[in-house]
Protein chains: 2
Amino acid sequence: MDTTNTAGRRVTLADVARMAGVSKQTASRVVNGSAQVTDETRARVLQCIEVLGFRPSTLARQLTAGRSLTLGVVNNTAVGHLMCGDAYVGMVRQADGMGYALLNKEMSDFSRASVDAMLGQMLERQVDGIILAGPEIGNSHDWLDDYPLDDLPMPLVAINARPRAGVDVVGFDNFLAGQNATRHLLSLQRRRIGHLSGPNNRWVAQRRIEGWQAALDEAGLPECKAYCVEGSWEAESGGPGLQRLLELCPDLDAVFVSSDRMALGVLMEAQRLGIDVPGTLAVMGIDNDPQSAFFTPPLTTMTQDTPRMAEVALRQLVRRICDRHGEPYPAGCAQEESSMLTHRLIVRQSTLGDVAN
Amino acid sequence: MDTTNTAGRRVTLADVARMAGVSKQTASRVVNGSAQVTDETRARVLQCIEVLGFRPSTLARQLTAGRSLTLGVVNNTAVGHLMCGDAYVGMVRQADGMGYALLNKEMSDFSRASVDAMLGQMLERQVDGIILAGPEIGNSHDWLDDYPLDDLPMPLVAINARPRAGVDVVGFDNFLAGQNATRHLLSLQRRRIGHLSGPNNRWVAQRRIEGWQAALDEAGLPECKAYCVEGSWEAESGGPGLQRLLELCPDLDAVFVSSDRMALGVLMEAQRLGIDVPGTLAVMGIDNDPQSAFFTPPLTTMTQDTPRMAEVALRQLVRRICDRHGEPYPAGCAQEESSMLTHRLIVRQSTLGDVAN
């Protein structure tokens, strides 16, 4: 490595200044491209930089310029959020492609004191912007309602959060997803359509419930709105969820399940109870887990491109950073994009019997 | 926010010095707790810090001390590595608990130039240590053989990599996992035991193959070593993998599959071919995916605690950082730990028929 001297110690600007016989301030001016240096001095300093293998610290330079090329990501991995998987991959790649590093911060308590502490840590590390990636649970994001975000020295973009005045949000249209999933089941002449939801305190789960309800109202089947059971997102809650739905409606003919994982549990329970899927009961999920095409039977689902959501959020954040600094948008982020993404229906055997897929 | 003045600009140490009527150097001494300041001056500077709401930059302070409290994580998300999921969650939590932030860096090409560029970026951002988290594929990690790691100003810990002199590695004993999985099938009187492996250029996949082979040799069944087919880790390769194994050995009575995802594809294909699992064919996976208990039938597997692996790797890295600085290990990292973790057998119906699980 040419960034350390023979003793393994980092070469500093002071070493360069000493060798060039100039002050540290003068050496710093050369590194930062200041005009207040003679050509001769500049040449001497640059030569010493070359000889010593000095690599100016990105952070030191950016601290001077007020930029760290680092974006903070606030996550809540305790709840197994989608940002832990594919979406995280999308975010890392997009950031890497634009020269940004991501700094991860865990957060599960959203009291004002915790929010202040989180923002304080982000400020101390001088991140250029923040992605609020953890899911909105109960009132976890209500601090955004009255926080003076405009006074923060960096912009913030929230993912999959409730719309709020003055807050940039990028996410999926989960209402439309619930509505379109239910419309698919209606198109197959199903008339007693239950819903196994995610946890009721999740914004995402609530919107899917509302979309399911809207489709039932459209179809003149408001009585089905009573067939709603709360699950945990996980496969474990699929079996008990189906049992409870069958208590509410013994001749249920379809169930829209708010995650593929829960749908796997529903399929297993249906098999145990001897219920034919899709003959007696059509089952569909949402997520398009890579494994869902291999369930028994293969699962109809709604695909959500979470890596793309993460990429869009990151590009949005970079545009807001540029806005603050009055800079043009970099290549790859030049256009504003829709911040509301949509799911796409994937039809497989669990609703349609033997289909080519 | 109390960290910006009314114009929204960050309050700087220069603002504090100006208000207190002292030099910037003196103000800096107060912030850094130097003794070379009179009590009266210290009190005045602290009062101005309070009034202005100045928050000293963590980075600025740590640049001075040569520490950034940031750890670099080199990943290769393009190959869907386990570090993208649960293990990443474990790493974020462990880092957060110790006051470290994680800085993510993508890397898929391991030429000397790319390695130099990656290390250069890590140096510029002055990370205190590096986790090499991407999987070892082909010769991707061979640069570690002759790279002067000791000359780097920060330590490095690799995850799930081939052992190399002078390189800290934390990972699973995948040889033992393959051996114990096969021993389980042998204990059930299976005698024609095939293997559907991960990609052959993966270090992890190779070790599992070797463990399977060792168990076959132990049992006096070396002829079974011909029943090995390469898969992709993914469910898609399970069906074709089983077909090929049955061509190699039409009366195969067991298959050890190197991922639960591929095992899902194997189960689906067995069902399609009318092969009874486990009656005719015992099937087992490795990973203990949360969904594998809900497969048809529920899958016997080997559980690997990847969050724990990530935590152990992070603690190991922090100890090596402390070693370099001659500091005591922080609470929670005080003890050296085994860097070789083991899998645990989870027996379900896919090998044992109707069992209580």
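Within an unreviewed UniProt entry, the label attached to chain A reads LacI family DNA-binding transcriptional regulator, and the organism entered is Uliginosibacterium silvisoli.

(A) Looking closely at the packing of helix H10 (residues 238-248) of chain A against helix H11 (residues 260-272) of chain A. Residue and element names in this part refer to chain A. Closest axis-to-axis distance for the H10/H11 pair is 7 Å, and the angle between their directions is 60°. As judged from the angle between their axes, H10 and H11 are oblique. Crossing of H10 over H11 shows right-handed handedness. Residues Gly238, Gly239, Leu242 and Gln243 of H10 touch H11, and the partners they reach there are Met262, Gly265, Val266, Glu269, Ala270 and Arg272. Grouping the constituent residues of the contact of H10 with H11 by class yields four nonpolar, four polar and two charged.

(B) Main features of the domain arrangement of chain A. Partitioning chain A into domains gives domain 1 (13-56), domain 2 (70-173 + 307-341) and domain 3 (174-304 + 344-352). For domain 1 of chain A and domain 3 of chain A, the distance between their C-alpha centres works out to 67 Å.

(C) Main features of the packing of aromatic side chains. Residues and elements named next belong to chain A. One pass over the full model with this rule turns up two aromatic pairs over all chains. Both rings, one in tryptophan 143 and one in tyrosine 147, keep their centres 5.5 Å apart while their planes meet at 90°; by these two values the pair is edge-to-face. Looking at tryptophan 143, the relative accessible area reads 7%, which means it is buried.

(D) Fine view of helix H11 (residues 260-273) of chain B. Residues and elements named next belong to chain B. Compared with the 20 Å implied by 1.5 Å per residue over 14 residues, the 20 Å span of H11 between its first and last C-alpha is a close match. Where H11 is concerned, the buried positions are Asp260, Met262, Ala263, Leu264, Gly265, Val266, Leu267, Glu269 and Ala270. Buried residues along H11 sit in contact with strand E6 (193-197), helix H10 (238-248), strand E8 (254-257), strand E9 (282-284) and strand E10 (301-303). Trailing H11 by a residue or two, glycine 274 shows a phi angle of about 75°, which is positive.

(E) Expanded view of the sheet that holds strand E8 (residues 254-257) of chain A. Residues and elements named next belong to chain A. The four strands are arranged E7-E6-E8-E9 in an open sheet whose pairing can be described as parallel. Only two strands of the sheet have a single partner each, and these edge strands are strand E7 (228-230) and strand E9 (282-284). Taken over all neighbouring pairs, the strand axes of this sheet differ in orientation by 15° on average, direction set aside. Here E8 runs beside E9; their pairing, made up of three bridges, is parallel. Bridge pairing links valine 255 to valine 283 in E9. Strands strand E6 (193-197), E7 and E8 of the sheet are contacted by H10, whose axis makes an angle of about 150° with E7.

(F) Broad picture of the pairing of strand E1 (residues 70-75) of chain A. Residues and elements named next belong to chain A. Burial of E1 is extensive: six of the six residues sit out of reach of the surface. For E1 and strand E3 (residues 129-132), the ladder comprises four bridges, and the chain directions are parallel. Bridge pairing in E3 links valine 73 to isoleucine 131.

(G) Inspection of helix H1 (residues 13-20) of chain B at higher detail. Residues and elements named next belong to chain B. Those residues of H1 that sit buried are Leu13, Asp15, Val16, Ala17 and Ala20. Buried-residue contacts for H1 involve helix H2 (24-31) and helix H3 (39-52). Residue glycine 21 follows H1 closely and has a positive phi angle near 70°.

(H) Quick look at the state of the cysteines. Per the stated rule, a full pass over the model turns up zero disulfides over all chains. In this structure cysteine 333 of chain B is a free cysteine whose sulfur lies 7.2 Å from that of cysteine 322 of chain B, the closest cysteine sulfur available.

(I) Representation of the pattern of salt bridges within the structure. All names here are of chain A. Counted under the stated rule, the structure contains 38 salt bridges over all chains. The partner of arginine 315 in a salt bridge is glutamate 337, with the nearest N and O atoms 2.7 Å apart. Placement of arginine 315 in helix H12 (residues 306-325) and of glutamate 337 in the loop between H12 and strand E11 (340-341) is noted, with a sequence separation of 22 residues between them. Exposure remark for glutamate 337: the relative accessible area of 25% places this residue in the partly exposed category. A single network of salt bridges, built from pairs that share partners, joins Arg315, Arg319, Arg320, Asp323, Glu336 and Glu337.

Cut-offs used in this document
Residues numbered from 1 in each chain as written. Chains lettered and ligands numbered in written order. Predicted model: local features only at pLDDT ≥ 70, side-chain atom pairs only at ≥ 80, totals over all residues. Heavy atoms only, no water. Axes fitted to C-alpha atoms, helices over the stretch in contact; angles between N-to-C directions. Helix = DSSP H or I, 4+ residues; strand = E, 2+ residues; numbered from the N terminus. Parallel < 35°, antiparallel > 145°, perpendicular 65-115°, else oblique. Left-handed = near helix turned anticlockwise from the far one by under 90°. Contact = heavy atoms within 4.5 Å. Nonpolar A, V, L, I, M, F, W, Y, C, P; charged D, E, K, R; others polar. Domains from an automatic or database assignment. Phe/Tyr/Trp six-rings, centres within 6.5 Å; stacked < 30°, edge-to-face > 60°. Buried < 20%, exposed > 50% of the residue type's maximum accessible area, 1.4 Å probe, protein only. Expected span 1.5 Å × (residues − 1). Pairing = 2+ DSSP bridges. Disulfide = S-S within 2.5 Å. Salt bridge = Lys/Arg side-chain N within 4 Å of Asp/Glu carboxyl O.

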